[in-house]
Amino acid sequence: MKIELISDHMAEEGLHMYVDIMPPLEFLREKGFTKKEIPMVRVRALIDTGAKTCAIDRSIVTALGVPPYKSTPVKTPLFTTVSEVYQLIYKIPGKEEYFPVIAVAADLKADDCKALIGRDFLQYCRLTYDGAEETGTLEILK
């Protein structure tokens with residue numbers, strides 16, 4: 001499956017796509033959610049090949065009601081900080097593709113993208129970044 005990525009101003013803003021973010025299966029089972037009750041948040045996500053793991057804005061975990069499962073040091077370009085870590089599922093809207101990910105909480109409220117797609121997600125994909133044409137595709141290989 002190939003997904004055409006969003007690239008408004010690719011050199012400035014990178015490549016984006018929409019993802020539905022939901023709690024992990026263990027959390028859903030523990031809370032007794034039915035399929036129709038599963039909490040899900042759709043966000044615009046930035047493809048970030050420099051990120052080891054995915055990241056999400058703190059408002060997403062608040063909306064989902066998911067507790068962190070640990071805290072860990074997170075390196076940024078400027079410093080290292082400690083952040084909560086969440087087990088989540090990224091789902092491609094309109095498809096039956098689910099990706100269990102580890103996501104660190106971040107302050108993304110000032111950004112258009114409320115999630116980052118890191119290498120833990122990208123390991124299942126082939127990413128094409130065509131700077132000359134300002135296009136990109138993500139091919140799911142898993």
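Refer to the structure above for everything that follows.
Right, let's walk through the structure included here. (Residues numbered from 1 in each chain as written. Predicted model: local features only at pLDDT ≥ 70, side-chain atom pairs only at ≥ 80, totals over all residues. Heavy atoms only, no water.)

**As for the packing of aromatic side chains**
Each aromatic ring pair is described using two quantities: the centre-to-centre distance and the angle formed by the ring planes.
Part 1 of the reasoning: With the rule as written, the count across this model stands at four aromatic pairs.
Part 2 of the reasoning: Between the aromatic rings of Phe-99 and Phe-121, the centroid separation amounts to 4.3 Å while the plane-to-plane angle is 40°, which identifies the pairing as tilted. With Phe-99 in strand 7 (residues 98-106) and Phe-121 in helix 4 (residues 119-122), this pair connects stretches of sequence that are 22 residues apart.
Part 3 of the reasoning: For Phe-121, a relative accessible area of 0% gives the class buried.
Part 4 of the reasoning: Members of the aromatic cluster, joined through ring pairs, are Tyr-90, Phe-99, Phe-121 and Tyr-124. (Phe/Tyr/Trp six-rings, centres within 6.5 Å; stacked < 30°, edge-to-face > 60°. Helix = DSSP H or I, 4+ residues; strand = E, 2+ residues; numbered from the N terminus. Buried < 20%, exposed > 50% of the residue type's maximum accessible area, 1.4 Å probe, protein only.)

**Overview of the nonpolar core**
Part 1 of the reasoning: Residues Ile-21, Ile-56, Tyr-90 and Phe-121 are the most contacted members of the largest nonpolar core, which totals 36 residues.
Part 2 of the reasoning: In terms of nonpolar packing, the next biggest core, distinct from the first, is built from five residues, Ala-55, Val-85, Val-104 and Leu-116 among them. (Core = buried A, V, L, I, M, F, W, Y, C linked by side-chain atoms within 4.5 Å.)

**Description of the pairing of strand 6 (residues 80-91)**
Part 1 of the reasoning: When strand 2 (residues 16-22) meets strand 6, the two strands line up antiparallel, connected through three bridges. For Met-22, the partnering residue across the bridge sits in strand 6 and is Ile-89.
Part 2 of the reasoning: Relative to strand 6, strand 5 (residues 70-75) runs antiparallel, the two being bridged by six bridges. Each bridged residue has a counterpart across the sheet, and for Thr-72 the counterpart in strand 6 is Ser-83.
Part 3 of the reasoning: Hairpin remark: strand 6 followed by strand 7, antiparallel, with six residues in the connecting loop; positive phi at Gly-94, about 80°. (Pairing = 2+ DSSP bridges.)

**Describing the pattern of salt bridges**
Part 1 of the reasoning: Counted by the stated rule, this structure contains four salt bridges.
Part 2 of the reasoning: Here Asp-107 ties to Lys-109 by a salt bridge, and the two come within 3.3 Å at their closest N and O atoms. (Salt bridge = Lys/Arg side-chain N within 4 Å of Asp/Glu carboxyl O.)

**Some remarks on the layout of surface pockets**
Part 1 of the reasoning: Each pocket or cavity is described by its volume, and for the largest pocket that value is around 790 Å³.
Part 2 of the reasoning: Residue lining of the largest pocket: 31 residues in total, with Ala-55, Val-74, Lys-75, Val-104 and Leu-116 positioned closest to the centre.
Part 3 of the reasoning: Sorting the residues of the lining of the largest pocket by element identifies strand 4 (54-57), strand 5, strand 6 and strand 7 as the ones contributing at least two each.
Part 4 of the reasoning: When its volume is computed, the second largest pocket comes out at roughly 150 Å³. (1 Å grid on protein atoms, 1.4 Å probe; cavity = no way out; pocket = protein on both sides within 12 Å on 5 of 7 lines; lining within 4 Å. Points joined across faces, edges and corners; volume = space filled by probe spheres on them.)

**Comments concerning unusual backbone geometry**
Part 1 of the reasoning: Unusually for a residue other than glycine, Glu-134 sits at a positive phi of about 55°.
Part 2 of the reasoning: Inspection of the secondary structure puts Glu-134 in the loop between strand 9 (125-130) and strand 10 (135-140).

**Concerning the state of the cysteines**
Part 1 of the reasoning: On inspection of all chains with the given rule, the structure shows zero disulfides.
Part 2 of the reasoning: For the unlinked cysteine Cys-54, the closest cysteine sulfur is that of Cys-125, found at 9.9 Å.
Part 3 of the reasoning: Residue Cys-54 is classed as buried on the basis of its relative accessible area, which comes to 0%.
Part 4 of the reasoning: According to the relative accessible area criterion, Cys-125 is buried, its value standing at 14%. (Disulfide = S-S within 2.5 Å.)

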